[in-house]
Amino acid sequence: MSFKAANSGQDLNESTAGRSKILSCRFTDVEQVTEFLTYSQMEIMQLSCGSFQSEFLATQIGDLYFTRISANQSVQAIGPKQQGYLTFSLVWAAS
């Protein structure tokens, strides 16, 4: 899996001495998130009304990737399981 961002051109798999493997992006449209996450082949839909704000944060430690994706609106993400990877998700919902 490669987190290569079209917006930043940064790839977490690059091994450049002295360079941090942290990637952070902000989005104002659900389509931007879908385009950014093209590696995952996910379909993402906004379920609630209102302006959309989302943040993506990822870091790599060895062979482990840690990601955090947050959004201020309800979304649904559907996509295929990534072969060769174990995925764990925690979902928080504010009421």
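Residues numbered from 1 in each chain as written. Predicted model: local features only at pLDDT ≥ 70, side-chain atom pairs only at ≥ 80, totals over all residues. Heavy atoms only, no water.

If you tally the helices and strands in the chain, you get 1 helix and 5 strands. Start at the N end of the chain and walk to the C end: the helices and strands fall as β-α-β-β-β-β. Look at the contacts in the chain between residues 6 or more apart in sequence, and 50% of them connect residues 24 or more apart. (Helix = DSSP H or I, 4+ residues; strand = E, 2+ residues; numbered from the N terminus. Contact = heavy atoms within 4.5 Å.)

As a further point, take the packing of aromatic side chains. Scanning all chains against the criterion turns up 2 aromatic pairs. With 5.2 Å between their ring centres and 55° between their planes, Phe-27 and Phe-36 make a pair best called tilted. With respect to class, Phe-27 is no different from Phe-36; both count as buried. The exposure class of Phe-36 is buried, given its relative accessible area of 5%. (Phe/Tyr/Trp six-rings, centres within 6.5 Å; stacked < 30°, edge-to-face > 60°. Buried < 20%, exposed > 50% of the residue type's maximum accessible area, 1.4 Å probe, protein only.)

Two side chains with opposite charge may pair up if their charged atoms get near one another. Per the stated rule, a full pass over the model turns up 2 salt bridges. Of the charged contacts, one joins Arg-26 and Glu-55 as a salt bridge, the two residues approaching to 3.3 Å between their closest N and O atoms. In this pair, Arg-26 is assigned in strand E1 (residues 22-27) and Glu-55 in strand E3 (residues 54-61), connecting sequence segments 29 residues apart. Linked by salt bridges that have partners in common, Arg-26, Glu-55 and Arg-68 make up one network. (Salt bridge = Lys/Arg side-chain N within 4 Å of Asp/Glu carboxyl O.)

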